[in-house]
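What follows is each chain in one-letter form.
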Amino acid sequence: MFGGIGPEGQRRLGQAHVVCLGCGALGSVAANTLARAGIGRLTIVDRDVVEESNLQRQVLFDEDDVRDALPKAVAAERRLRRVNSQIDVRGLVADAHHANIEALIAGADLVIDGADNFETRFLLNDACVKHGIPWIYGACIGSYGLSMVVIPGETPCLRCVVEGAPPPGLTPTCDTSGVIGPVVNMIASIQCAEALKLLTGQAHLVNRDMVTVDVWDARVQRMKVHALRDLGACPCCSHRRFEHLAAEHASQTTTLCGRNSVQISFPDDHTIDFDAVSARLAAVGRVQRNAFLLRCAIDTYDVTVFRDGRAIVEGTREPSVARSVYAKYIGI
Amino acid sequence: MTYLDNAATTFPKPRTVHDAASTFMQTLGANPGRGGHRLAAGASRMVEATRLALARFVNAGSTPERVVFAHNGTDALNMAIKGLVHAWHRDGRTHVVPHVVTSVLEHNSVSRPLEQLAADGVIALTRVDCDADGYLSPGVVAAAMTPATRLVALTHCSNVLGTVQPIAEIGAKVRERGGDAVFLVDAAQTIGVEPIDVEAAQVDVLAFPGHKALMGYPGTGGLYVAPRVELAPWREGGTGGDSKHPVQPGEYPHRLEGGTHNTIGIASLKAGLGFIAATGLDAIRQHETRLVSRLLDGLAAVPGVTIHGPRTAQRRVATVAFSVKGYASQDVGAILDTSFDIAVRPGLHCAPYCHQAIGTYPDGAVRASLGYFTTDADVDALADAIAQVAAAS
């Protein structure tokens, strides 16, 4: 047995409850690692269905899951129960939003960030700081990834480091720009290693810097962030104003009457860069555009994006599906 | 922002409306009719003065107590429709299923309660068609009535097409044909723009919102119930006086006004009525007629635009529904908002049968609805934007 954990540490892991919020690339590597590490209770939250393009990096799923169109949370639960029958694994098919996030993480000792968008991460940050639950930020794109541990009250929170979510349509996404398995595995592994330290009561060993990795350049860096907390200006962890939980910055979805479609819109003023968005979308579907809108057929959806970033996703009446399509292909 | 969604609610409201609401809440904000103290009495006076002004506004000034406050047009319509059904059950004349006539032009606030009652077997429902321009024919309405018809529920004006219906002619036909059939009119799109005379049009029940052309705040509305109509209360509760009564008192307006009034809203509505009186209903109507004429001309000149309903400014309010070739209505609405800062309403406008009738179901249409504060420049901005959008298709 690894001395850093030891029998006492293993016993503690068996009593721990971890929530994986999002079970895509990072989430499936993390859930797999944590289940095998003997985390007593693992809750896996995801809103999506397994698709063929996921298999290149999302290690918990296979072609049968694609064929059966299984929700990722269900497929992950089934797989991990076969991996470790001694732990309690629960998959929740759910779209995390301001109304349910606190219930989703209630009672957790730690949350692993496997979200595919900033809106959910800021929400998670608010909820975790509010309830004093550590969470571990992780994100990847291309060959690059980063991770940071947030221990409320001890380390900077996400809002100490990044003031707010980037405007819609600005960030490249894995589904338009690609991501390779090695960086996913590295970042999720870093998240899990830090999780194991925290869950075995060794917070003093946790790396409190932000770690960035580029596996293509074989470069790993640590960025000091601890000073950011001391500025005392963070609305979230210094002033305990949970603006994301209060839905002040939340995207809104409206199921449009008459059409099989959902509109997703954002409260803050943005102007989207049609050139950049259409260049990214060209990788997944045919893009048509004029001065006022941009359309792209993606899978079974027709997505129309307007100048302020709002979009109409045709082909569904489910807000969670529209949010997922937006996060994957336009980016929030 | 160019606001062209006045059919949903008027914006902006006159300054005097905000002043009146604010003054009321800061000086008299007590519960009207509850307790005899000075503030309650003052609040009561304000409420009763508004009731009287509303009654006079629709020519029911001799029976102001028959005008009751509601929370919006939908609330008033539900009070009317469900109140009638309840009263029919009480009077025991339901051995023949009561028959109701309505039209394809109705808003869901009429259609949905009636459809549910029909689905529950409580009423039999006939929905009459409109003509190609979106007008109802008095003859067609009368022909749809049967000996079992107890209610004719029609809109005064299509909220999609803006077509003002000949309610006086329909009212006369209903009375002639129907005996005790109740003529219910939904005046959501006309009150405050078109003259309404419940006597002359033989309207038995008139439902209206207070927040559209009447310029009051959202959360206001009203219902006029003619003395010949028996309506059971749909909402029961405290009325201030008569507390010992085990059930809702029979006298109007208390019969239909259980619960605390929306006094801030009623104060705003009073000021809205004052604004209309000072401006003149004719002047308001003429302004909107002139503007809608300008808009119709502007849109008709754009290749690829289809105007739904009549092309003329007569017999209509300043609401225009149209489609732009190459775009879904929702896309046009989003483009106008995001690229031109113009607010319109795309979709089905809570009136699915109307869109079926004009062939725009299920995509719907773009609706621009003008108001008293709309300017020539606003109308031109819309026509110009639509020209650019149509050209880019």
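Below or above, wherever it landed, is the structure these notes cover. (Residues numbered from 1 in each chain as written. Chains lettered and ligands numbered in written order. Predicted model: local features only at pLDDT ≥ 70, side-chain atom pairs only at ≥ 80, totals over all residues. Heavy atoms only, no water.)

**What to know about the side chain of A:Glu119**
Residue and element names in this part refer to chain A. The line we're drawing: The way it works is that DSSP assigns letters per residue, a run of H or I at least four long becomes a helix, a run of E at least two long becomes a strand, and they are numbered from the N terminus. Under this definition, polar contacts are N or O atom pairs within 3.5 Å; protein pairs additionally need one hydrogen-donor-capable and one acceptor-capable atom, and for neighbouring residues in sequence, both atoms have to be side-chain atoms. In what follows, a contact means two residues having at least one pair of non-hydrogen atoms within 4.5 Å.
Relative to the helices and strands, Glu-119 resides in helix H6 (residues 118-131). At 2.8 Å, the side chain of Glu-119 forms a polar contact with the backbone nitrogen of Ser-251. Dropping the residues within four chain positions of it, Glu-119 is found in contact with Ala-250, Ser-251, Arg-323 and Ile-332.

**Focus: the sheet that holds strand E12 (residues 293-298) of chain A**
All names here are of chain A. Operational definition: Paired strands are those between which DSSP finds at least two bridges. Interaxial angle, 0 to 180 degrees, is taken between N-to-C directions of lines fitted to C-alpha atoms, where a helix line uses only the stretch in contact.
The strand order E9-E10-E14-E13-E12-E11 describes an open sheet built from 6 strands, whose pairing is antiparallel. A single partner strand is all that each edge strand has here, and the edge strands are strand E9 (252-256) and strand E11 (287-289). When strand polarity is set aside, the average angle formed by the axes of neighbouring strands in this sheet is 20 degrees. Of the strand pairs in this sheet, E11 and E12 are connected by 3 bridges, and their pairing is antiparallel. Bridge pairing links Arg-289 to Leu-294 in E12. This element, helix H12 (residues 319-329), spans E9, strand E10 (261-265), E12, strand E13 (301-306) and strand E14 (311-314) of the sheet and lies at about 55 degrees to E10.

**Focus on the layout of surface pockets**
Test applied: Residues are called lining when one of their atoms sits within 4 Å of a cavity or pocket point, these points coming from a 1 Å grid over the protein atoms alone, where a cavity is a set in which a 1.4 Å probe fits but cannot get out and a pocket is an open set with protein on both sides within 12 Å along at least five of seven lines. Grid points are joined across faces, edges and corners, and a volume is the space filled by probe spheres set on the points. Only Asp, Glu, Lys and Arg are considered charged in this grouping, and only Ala, Val, Leu, Ile, Met, Phe, Trp, Tyr, Cys and Pro are considered nonpolar; every other residue, Gly among them, is considered polar.
Estimated volume of the largest pocket: approximately 770 Å³. Lining the largest pocket are 39 residues, and of these A:Ala115, A:Asp116, A:Asn117, A:Arg121 and A:Cys174 sit closest to its centre. Breaking the lining of the largest pocket down by element, the ones donating at least two residues are helix H2 (25-36), strand E2 (41-46), H6, strand E5 (135-141), strand E6 (144-150), helix H8 (174-177) and H12 of chain A. Top element by residues in the lining of the largest pocket is E5(A). It accounts for 4 residues. Its boundaries defined by the atoms lining it, the second largest pocket holds a volume of some 370 Å³. Those elements giving two or more residues to the lining of the second largest pocket turn out to be E9 and E10 of chain A together with helix H9 (329-340), strand E11 (342-343) and strand E12 (345-347) of chain B. In terms of residue class, the lining of the second largest pocket is built from 10 nonpolar, 9 polar and 4 charged.

**Brief notes about the pattern of salt bridges**
Residue and element names in this part refer to chain B. Counted only if it meets this: Criterion for a salt bridge: a side-chain nitrogen of Lys or Arg within 4 Å of a carboxyl oxygen of Asp or Glu. Relative accessible area decides the class of each residue, using a 1.4 Å probe on protein chains only: under 20% of the type maximum gives buried, over 50% gives exposed, and in between gives partly exposed.
Within this structure, the stated rule accounts for 38 salt bridges over all chains. The shortest N-O distance in the salt bridge between Arg-367 and Asp-5 comes to 3.3 Å. Linking Arg-367 in strand E13 (residues 365-369) with Asp-5 in the loop between strand E1 (2-3) and helix H1 (15-27), this pair joins segments that are 362 residues apart in sequence. We note that Arg-367, like Asp-5, is buried. Here Arg-15 and Asp-19 are joined by a salt bridge, their closest N and O atoms 3.2 Å apart. A residue pair is termed a helical-turn pair when its members lie 3 or 4 positions apart in one helix, as Arg-15 and Asp-19 do in helix H1 at 4 residues.

**Observations concerning the interface of chain A and chain B**
Convention followed: Accessible area that two parts lose when put together, evaluated with a 1.4 Å probe and summed over both, is termed the buried area.
Every contact between the two is made by 15 residues of chain A and, on the other side, 19 residues of chain B. Across the interface of chain A and chain B, roughly 1300 Å² is buried in total on both sides, 59% from carbon and sulfur atoms. Of all residues in chain A, the largest losses of buried area upon contact with chain B belong to A:Cys257, A:Arg259 and A:Phe292, amounting jointly to 41% of the total for that side. The shortest N-O distance in the salt bridge between A:Arg310 and B:Asp337 comes to 2.4 Å. Contributing elements (two or more residues each) for the side of chain A that touches chain B: E12 and E13 of chain A. Each residue belonging to the side of chain A that touches chain B can be placed in one class, and the counts come to 7 nonpolar, 3 polar and 5 charged.

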